[in-house]
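Now for the letters of each chain:
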Amino acid sequence: MSSNTITHEADHGHHEAPEVVEGRQRLGIWLFIVGDVIMLASFLFTYLYLRGTNTGNGWMTYLEGDTSAANFGKPVHEKVLSSGLNWAIVAVTVLSAAVIWFGEKHLRSRQKGAGSFSLIASLGAILALAATVLTIMQLRSIDEHIPYHVLSQNAHEFVYTAYGSAEILLNGSSLLHLIILAFLGFGLAIRASKGLVSSEGLKWSQARFVRFFWVWVALGSVITAAVTSLVNK
Amino acid sequence: MTATIDLQKTHAAESSGGGFLRRLNFGTGIIFGVIGALLGYFLPHHFFDNQGSAYADQCTVISAVGWVVGFWFGIGALAGPFKWFLGWDQTHADEMYLAGKNQGKKRYWKYCTDHKVVGVQYLVLAMVLLGAGGILAMLIRTDLISPGTHFVNQQVYNSFLSLHGMLMIISLIIAVAGPWGNFVMPIQCGARDMAFPRLNALSLWTVVAAAVPLLTTLFIGGIQDGWTTYAPISIQTGIGMNTFAIAIITFVISTTVAGVNTVCTIMTMRTTGMSLDRLPIFTWASLIGGALGLYAMPFFATAMTMTILDRSAGTSFFSADSGGTGWLWENMFWLMGHPEVYVILIPAVGALLEIATVFSRKPLFSYKTAIGGMAGIAGLSILVWAHHMFTTGWAPQLGGPFMLTTELISIPTGIIFLVAVGTIWRGNLWMKTPLIWLMGFIANFIIGGVTGIYLSDIPVDNTMHGTMFVVAHFHYVFVGSVLFGAIGAVYFWFPKISGRFLDEKLGRISFWLAFIGVQVTFLAMFVSGLRGMPRRYASYQPIFEHTNVISTIGAYIIMAGMLVSLANIILSWRSGEPSGPNPWQSKTLEWLVPTPVPLENFEVLPVIESDPYTYGEKEGAHA
């Protein structure tokens, strides 16, 4: 790479072609998804590891700790979280991903699809919000079964079992992702209404990147639900 | 005349207006961060049971999160996402403003997107964090000069020890990849900036956001569980653990963003002719280090999230009485922990191999083997984590396989040695300070590497684990090797960022003090360990006193060496000898652009026609 190699002009001006920028952003979103895949893998590793070790047979079992209760010290078996609600969250998330995917295809295939895409992106975001509400319901349902330990005479502290803990981690992660999806969906809708996302040139590329992430979140929810449904008790 | 007036108008337009967002800087970041922290501290009064045992944990967690979010808001990091959401896209003038155009030194205090500014900011930040970790190291060594505790009690000693470890890990992660992965790497690729300039600024300021809660731990009771923060001790220690955990999660966000940016820049922004087999070796090291960080760091965030939940939300990931297990922590931590060693090491190796070829005036010895060596280290590093757990009783049947993979990693590591030695072998050595630091690296890393092979053997590890021998081993790697690489890189690339040489004489004094100090400190520490002195203890039996006195003296010698280099940087930045754009007659692109480097690096993007290491060959032989 001697100095005489800097002799030729590779481009004309400091502005890059939209295709080049699009390709870079595409790789960027894929790499972020890779990071997210590793994060989900670590969550599922946690779930399966705790289930596999089942330390002290405490995966889903706890000893009743309320000194005022007659059955103090009796083993109590925690209930598995509602599988139906779990799959309902998955269904809504997958549906929202399908809506966004359809919207993006629709946008790319039409000359003037920005107005309808704005509505479709809003619908996707609303579905993500609906899944968010369902996930909050699922998280609250964990509290219905949790035990509590007596730490002192007057202080009762809730302590989740390993199963409840792992479910909190997975559902908490799901909640965060769904909020991000809603943010992205409404953002796309606003941008489409302003003509910043449209079928012109490569103005649809942001919709495509959001779709990549959205589909990954939906796929992650399917994997998570499958693992927690098949391996629990 | 007309052109001059137009230019002035343009500058005025770029420098004024923009309202609130253009007034954000480090100071407003601090102000909003403090406001966020206070809100986070007082809001829980309305939501949580203040009689609960986790109340203090909940308050500190939310307060630390409030600091981070407030700081992001105050520095301007959140402006991009919300502008995107509202459809208020940046104009070209906005982008130029963010890049710090015509803002002089003020841009170093702002959310600036110019990769060269970010590189300098990283350099200063790394020095500040290394300084803080170094001060703690000196306090630790001073306390260990004789048996018994002296000016700190055991809890404070443990806090110093824990914070020293994590500060040094964080500062070494950013010590080479931060300054030079930002300042140098894009230019080496022939790019005008990083792939995502705003994310680049985000990664820098997120480390700043993480540093504050990390340092805060000392003032709210500290953490007493070591830098590895093993569970369940981490669940039982004081509230400092909460801010520590938030700091780590915040830092992981930074490394993830930086990893994506680095990989994207190298894969998609190389100039015409810059094929992968013509990439400078430091850029290859940045690519491999960035990708490895992208894999490893999420495990740390997950582990710290579980720690926070266990402490403040009643979960039981690590509590055996409710079905959890401490082994979960150890697995998650070391799934991150061992690759992280190479996230730190590989960029330093890349920088040193650049130095080797430039100052030997020879092509890099076996360029493709060097890349293979670094890739081999990265690949194997994800398969060795359980060698840190040989003595824990976890999966003893896996001990053999993990011993094997750990020993295998010495092969690609040995290849890197061969490349470095092969490059300088029979070279026309130009014994300037950067090359001297490389020599020191080679000597120290042999000791650090070979003792690592000893420790990979289960029988030896069963004896030496938890002793000062292990401490000496990894300090030879981190201080004797990575820090030497980082300082060598500063001496090498400083002329490019400042236009001035670092003083040669002070550089040599600094090197010899540091080199001698490392041998005195850590050879004595090996002896302490071989004689059975356990690590992490505030006091020790009198039989270990001699070697501890020697180690403490050595530590002061290292400190003197570091202070000489620090003084050298400050003095030379102000009034060092001017260096010109290419003082080392190097052939990589960063040396072929003017100094100071223009805003977008190249007026015209170069076309590359040969590899970067054609030293000693006829000019243009590969053109």
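Predicted model only: the values in this text are computed from it and were never measured.

1. Describing the environment of glycine 27 of chain B
All names here are of chain B.
Step number 1: In this structure, glycine 27 sits in helix 2 (residues 26-42).
Step number 2: Classification of glycine 27 as partly exposed rests on a relative accessible area of 32%.
Step number 3: Separated by 219 residues in the primary sequence, glycine 27 and isoleucine 246 place their C-alpha atoms 22 Å from one another.

2. Thoughts on the nonpolar core
All names here are of chain B.
Step number 1: Judged by nonpolar contacts, the single largest core of 250 residues is most densely connected at Trp180 and Ile281.
Step number 2: If one sorts the elements of this core by residue count, helix 15 (residues 326-360) sits on top with 22 residues.
Step number 3: Lining this core are residues from two domains, each supplying at least three of them: domain 1 (23-81) and domain 2 (115-592).
Step number 4: In contact with tryptophan 180, other than residues within four places in its own chain, are Leu123, Ala175, Met185, Phe282, Ala489, Val490, Trp493, Phe494 and Ile497.

3. As for the pattern of salt bridges
Step number 1: Following the criterion strictly, the structure yields nine salt bridges over all chains and no others.
Step number 2: Ionic pairing is found between arginine 211 of chain A and glutamate 104 of chain A, a salt bridge with its closest N-O pair at 2.5 Å. Of this pair, arginine 211 of chain A sits in helix 5 (residues 205-230) while glutamate 104 of chain A is found in helix 2 (residues 83-109), placing the two residues 107 residues apart along the sequence.
Step number 3: Where arginine 22 of chain B meets aspartate 94 of chain B, a salt bridge forms, and the shortest distance between an N and an O atom there is 3.1 Å. With arginine 22 of chain B in the loop between helix 1 (2-15) and helix 2 and aspartate 94 of chain B in helix 6 (residues 92-98), this residue pair connects regions lying 72 residues apart in the sequence.
Step number 4: Of the residues examined, arginine 22 of chain B reaches a relative accessible area of 10% and is grouped as buried.
Step number 5: The network of salt bridges with shared partners includes Glu22, Arg26 and Arg208 of chain A.

4. Topic: the interface of chain B and chain A
Step number 1: Counting from both sides, the interface comprises 72 residues of chain B and, opposite them, 55 residues of chain A.
Step number 2: Around 5,100 Å² of area is buried between chain B and chain A when both sides are counted, 68% of it from carbon and sulfur atoms.
Step number 3: Linking chain B to chain A there are one salt bridge.
Step number 4: Note that aspartate 89 of chain B is salt-bridged to arginine 191 of chain A, the shortest N-O span being 2.8 Å.

5. Side note on the domain arrangement of chain B
A common measure of how large an interface is: the accessible area buried when the components associate.
Residues and elements named next belong to chain B.
Step number 1: Partitioning chain B into domains gives domain 1 (23-81) and domain 2 (115-592).
Step number 2: On a C-alpha basis, the centroid separation for the pair domain 1 and domain 2 is 30 Å.
Step number 3: Taken together, the 16 residues of domain 1 in the interface contact 17 residues of domain 2.
Step number 4: Between domain 1 and domain 2 lies a buried interface of about 1,400 Å² when both sides are counted; carbon and sulfur atoms form 79% of it.
Step number 5: Between domain 1 and domain 2 we count one salt bridge in total.
Step number 6: The tally of links from domain 1 across to domain 2 stands at six residue pairs in polar contact (both at pLDDT 80 or more).
Step number 7: Split into classes, the residues belonging to the side of domain 1 that touches domain 2 amount to twelve nonpolar, three polar and one charged.

6. Points about the confidence of the model for chain B
All names here are of chain B.
Step number 1: On average, residues of chain B score 92 in pLDDT, and 95% of them reach the 70 mark or higher.
Step number 2: Confidence scores differ between elements of chain B, with helix 1 showing the lowest mean pLDDT of 45 and helix 22 (residues 504-530) the highest of 98.
Step number 3: Low confidence marks residues 1-13, where pLDDT is under 50. Its contacts with residues over four positions away, or in another chain, come to two contacts.
Step number 4: Complex prediction metrics read pTM 0.93 and ipTM 0.92.

7. Topic: the packing of helix 18 (residues 410-424) of chain B against helix 19 (residues 433-456) of chain B
Residue and element names in this part refer to chain B.
Step number 1: Where helix 18 contacts helix 19, the axes come no closer than 11 Å and their chain directions differ by 155°. Here helix 19 runs roughly antiparallel to helix 18, going by the angle between their axes. Two packed elements cross with a definite hand, and for helix 18 against helix 19 that hand is left-handed. Of helix 19, the residues touching helix 18 (which contributes Ser410, Thr413, Phe417, Ala420, Val421 and Ile424) are Leu435, Leu438, Met439, Ile442, Phe445, Ile446 and Ile453.
Step number 2: A breakdown of the residues in the contact of helix 18 with helix 19 according to their chemical character gives eleven nonpolar, two polar and no charged.

8. Thoughts on the confidence of the model for chain A
Low pLDDT marks regions whose predicted coordinates should not be analysed in detail.
Step number 1: Mean pLDDT for chain A: 85, with 80% of residues reaching 70 or above.
Step number 2: A low-confidence stretch, residues 2-13 of chain A (pLDDT under 50), is modelled with 30 contacts involving residues beyond four sequence positions or located in other chains.

9. Some details on the packing of aromatic side chains
Step number 1: Applying the stated criterion across every chain yields a total of 50 aromatic pairs over all chains.
Step number 2: Plain terms: the ring middles of tryptophan 329 of chain B and phenylalanine 333 of chain B are 5.8 Å apart, the flat faces sit at 25° to each other, and that makes the pair stacked. Of this pair, tryptophan 329 of chain B and phenylalanine 333 of chain B both sit in helix 15, separated by four residues, roughly a single helical turn. In this pair, the class of tryptophan 329 of chain B matches that of phenylalanine 333 of chain B, namely buried.
Step number 3: Put simply, the rings of Trp180, Phe282, Phe359, Trp430, Phe492, Trp493, Phe501, Trp584 and Trp591 of chain B pair up and form one aromatic cluster.
Step number 4: Seen from the ring of tryptophan 204 of chain A, arginine 108 of chain A lies directly overhead, with NZ or CZ sitting 4.2 Å from the centre.
Step number 5: Above the ring of tyrosine 97 of chain B, the side-chain terminus of arginine 22 of chain B is found at 4.2 Å from the ring centroid.

10. Notes on the packing of helix 4 (residues 162-193) of chain A against helix 5 (residues 79-86) of chain B
Step number 1: Orientation of helix 4 of chain A relative to helix 5 of chain B, taken along the N-to-C sense of each, is 55°, at an axis distance of 6 Å. As judged from the angle between their axes, helix 4 of chain A and helix 5 of chain B are oblique. On the side of helix 4 of chain A, the interface is formed by Phe183, Leu184, Phe186, Gly187, Leu188, Ile190 and Arg191 of chain A, while helix 5 of chain B contributes Pro81, Phe82, Lys83, Trp84, Phe85 and Leu86 of chain B.

11. A look at helix 22 of chain B
Residues and elements named next belong to chain B.
Step number 1: The terminal C-alpha atoms of helix 22 lie 38 Å apart, and with 27 residues this matches the ideal 39 Å at 1.5 Å per residue to within 8%.
Step number 2: For helix 22, the capping residue at the N-terminal end is aspartate 503, with a side-chain oxygen 3.1 Å from the backbone nitrogen of lysine 505.
Step number 3: Looking one or two residues past helix 22, glycine 532 carries a phi angle of roughly 100°, positive in sign.

12. Side note on the environment of arginine 270 of chain B
Residue and element names in this part refer to chain B.
Step number 1: Within the secondary structure layout, arginine 270 lies in the loop between helix 13 (240-268) and helix 14 (281-312).
Step number 2: What makes arginine 270 partly exposed here is its relative accessible area of 25%.
Step number 3: When the C-alpha atoms of arginine 270 and threonine 256 are compared, they prove to be 21 Å apart, with 14 residues separating the residues in sequence.
Step number 4: With near-sequence residues (within four places) excluded, arginine 270 lies in contact with Cys189, Thr265, Ser275, Leu276 and Leu279.
Step number 5: A polar atom in the side chain of arginine 270 sits 2.7 Å from the backbone oxygen of methionine 274.

13. Section: unusual backbone geometry
All names here are of chain B.
Step number 1: Of the consecutive residues alanine 231 and proline 232, the connecting peptide bond is found in the cis state with omega at 5°.
Step number 2: Counting through the fold element by element, proline 232 comes out in the loop between helix 11 (197-216) and helix 12 (233-236).
Step number 3: With an omega of -5°, the peptide bond running from threonine 595 to proline 596 counts as cis.
Step number 4: By the secondary structure assignment, proline 596 is in the segment after helix 23 (545-575).
Step number 5: One non-glycine residue, serine 366, lies in positive phi territory at about 55°.
Step number 6: Its relative accessible area of 31% is what places serine 366 among the partly exposed residues.

Rules and cut-offs
- Residues numbered from 1 in each chain as written.
- Chains lettered and ligands numbered in written order.
- Predicted model: local features only at pLDDT ≥ 70, side-chain atom pairs only at ≥ 80, totals over all residues.
- Heavy atoms only, no water.
- Helix = DSSP H or I, 4+ residues; strand = E, 2+ residues; numbered from the N terminus.
- Buried < 20%, exposed > 50% of the residue type's maximum accessible area, 1.4 Å probe, protein only.
- Core = buried A, V, L, I, M, F, W, Y, C linked by side-chain atoms within 4.5 Å.
- Domains from an automatic or database assignment.
- Contact = heavy atoms within 4.5 Å.
- Salt bridge = Lys/Arg side-chain N within 4 Å of Asp/Glu carboxyl O.
- Buried area = accessible area lost by both parts, 1.4 Å probe.
- Polar contact = N/O pair within 3.5 Å; in protein donor to acceptor, adjacent residues only side chain to side chain.
- Nonpolar A, V, L, I, M, F, W, Y, C, P; charged D, E, K, R; others polar.
- pLDDT = per-residue confidence, 0-100.
- Axes fitted to C-alpha atoms, helices over the stretch in contact; angles between N-to-C directions.
- Parallel < 35°, antiparallel > 145°, perpendicular 65-115°, else oblique.
- Left-handed = near helix turned anticlockwise from the far one by under 90°.
- Phe/Tyr/Trp six-rings, centres within 6.5 Å; stacked < 30°, edge-to-face > 60°.
- Lys NZ or Arg CZ within 6 Å of the ring centre and 35° of its normal.
- Expected span 1.5 Å × (residues − 1).

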